[in-house]
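The chain contents come next:
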Amino acid sequence: MPGASGSPSLPRQSLRFCTAADGTRIAIASIGAGAPLVRCAHWLSHVEHDLHSPVWRPWLAELSRDHRYIRYDQRGCGLSDSAVTDFSLDAWVGDLEAVVDSLGLRRFSLIGMSQGGAVAIAFTVRHPEKVSHLVLPGAYARGALRRGTGSTGDAADAERLEAETLVNLIRLGWGRNNAAFRQVFTNQFIPGGTPTQHQWWNELERLTASPENAARTLEAFHRIDVTALARQVRVPTLVLHARGDARVPFDEGLRLAALVPGARFVPLDSDNHVLLDTEPAWATFLAELRAFLGTDPADVGGGADAGDEALTPAEREVLRLVAVGLDNHAIARQLHKSEKTVRNQLSSIFDKLGVHTRAEAIVYVRDRAP
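These lines cover the structure that appears in this document, whether it is placed above or below. These figures come from a predicted structure and were not determined experimentally.

1. Details of the overall build of the chain
Consideration 1: Of the regular secondary structure elements, the chain holds 14 helices and 8 strands.
Consideration 2: Expressed as a percentage of the 370 residues in the chain, the buried residues total 57%.
Consideration 3: Here the contacts in the chain between residues at least 6 apart in sequence split such that 72% fall between residues at least 24 apart.
Consideration 4: Approximately 14,900 Å² of the chain is accessible, and the part contributed by carbon and sulfur atoms is 49%.

Here it is as structure tokens:
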């Protein structure tokens, strides 16, 4: 998998539209093949523009590797209808219902990132028979204006002031050619991004929604509270959250995991709200996601451990990461080794397994998974 300096190859994307109950047109994109993996819409998306993104393109490449990865633009954003008046949780859940029904999906894994987490939770409680696995990265149960509930004095006032200020920043500067206003949000989403990634994210903000739609959407996000619904989730759930997340506090991720019965919580060593493919947390996220969804051969019944007994424990660990699609650079970062060491271990693994290429090694592992 190439890093941000490269360009991960993608399967062909298909694009279609469906209509929500109130007549709003929703843009849907599907990429890859396999069991369906649906991503709830979140604030900043553009299903066509994202194909060329130095931030989102690695997500598309990896999440479509083992699945038919389905995503759609939120109402008021991207290719979905921009002339909308209903920015509410019920409307967003209805949009997801329309997407699922239009595609004829009976059962699927569901990802709710960031604000999409609340939509995913509400949908799952309403349709538990449809959701096999629920994944909540960087998500929250309470919007910014609900987190101060129960607080006293300056803390609650400060949270309210920050929320209102961000909405006003959108109304003032979202559509301007000068990206200074939008950079405030970019620094919250991807503080560790490169100048190229920051420039692209600034442009995404301008392209994906009008200033008024963006402001009204954020206002609605600030008032979300699915605390009671989170307690009613009864499907396997994985919650992941970056420790230094500047967009959604880490404590909100912890709180969400505590609310959902039986949820597994994974902290990620990152400051980015949206993970970048050049950071170690990216490899952790992919490994945890694939193990949870059952697409990591080493975690669904042995996988790499079922290989040649001549492999050392270190070699088996390298082979496990190869089997989930990581390249040498990502494996080296994940295992705190040099790339040269990883290359040498791969040569040894290939010799012991009698394979000649990375693809053959992956097939070797997958053929031996139960």
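2. Here's the deal with helix α5 (residues 180–189)
Consideration 1: Taken residue by residue, α5 has R182, F185, T186, Q188 and F189 as its buried positions. The buried residues of α5 occupy one face: seen down the axis, they fall within an arc of 160°.

3. A short note on the layout of surface pockets
Consideration 1: Taken as a whole, the largest pocket encloses approximately 340 Å³ of empty space.
Consideration 2: Along the wall of the largest pocket there are 20 residues; nearest its centre are A144, R147, E162, R247 and P249.
Consideration 3: Among the secondary structure elements, those contributing two or more residues to the lining of the largest pocket are α4 (154–173) and α7 (211–222).
Consideration 4: Class assignment of the residues belonging to the lining of the largest pocket gives a composition of 9 nonpolar, 5 polar and 6 charged.

4. What to know about the pattern of salt bridges
Consideration 1: Counted under the stated rule, the structure contains 16 salt bridges.
Consideration 2: Where E97 meets R126, a salt bridge forms, and the shortest distance between an N and an O atom there is 3.1 Å. Of this pair, E97 sits in helix α2 (residues 89–103) while R126 sits in helix α3 (residues 116–126); the two residues are 29 residues apart in sequence, bridging distant segments of the chain.
Consideration 3: Overall, the relative accessible area of 19% leaves E97 in the buried class.
Consideration 4: The exposure class of R126 is partly exposed, given its relative accessible area of 41%.
Consideration 5: One continuous salt-bridge network, built from bridges that share partners, spans E62, R65, D66 and R290.

The rules behind these values
Residues numbered from 1 in each chain as written. Predicted model: local features only at pLDDT ≥ 70, side-chain atom pairs only at ≥ 80, totals over all residues. Heavy atoms only, no water. Helix = DSSP H or I, 4+ residues; strand = E, 2+ residues; numbered from the N terminus. Buried < 20%, exposed > 50% of the residue type's maximum accessible area, 1.4 Å probe, protein only. Contact = heavy atoms within 4.5 Å. Areas by Shrake-Rupley, 256 points an atom, 1.4 Å probe, with all protein chains shown as cover. Arc of directions from axis to C-beta. 1 Å grid on protein atoms, 1.4 Å probe; cavity = no way out; pocket = protein on both sides within 12 Å on 5 of 7 lines; lining within 4 Å. Points joined across faces, edges and corners; volume = space filled by probe spheres on them. Nonpolar A, V, L, I, M, F, W, Y, C, P; charged D, E, K, R; others polar. Salt bridge = Lys/Arg side-chain N within 4 Å of Asp/Glu carboxyl O.

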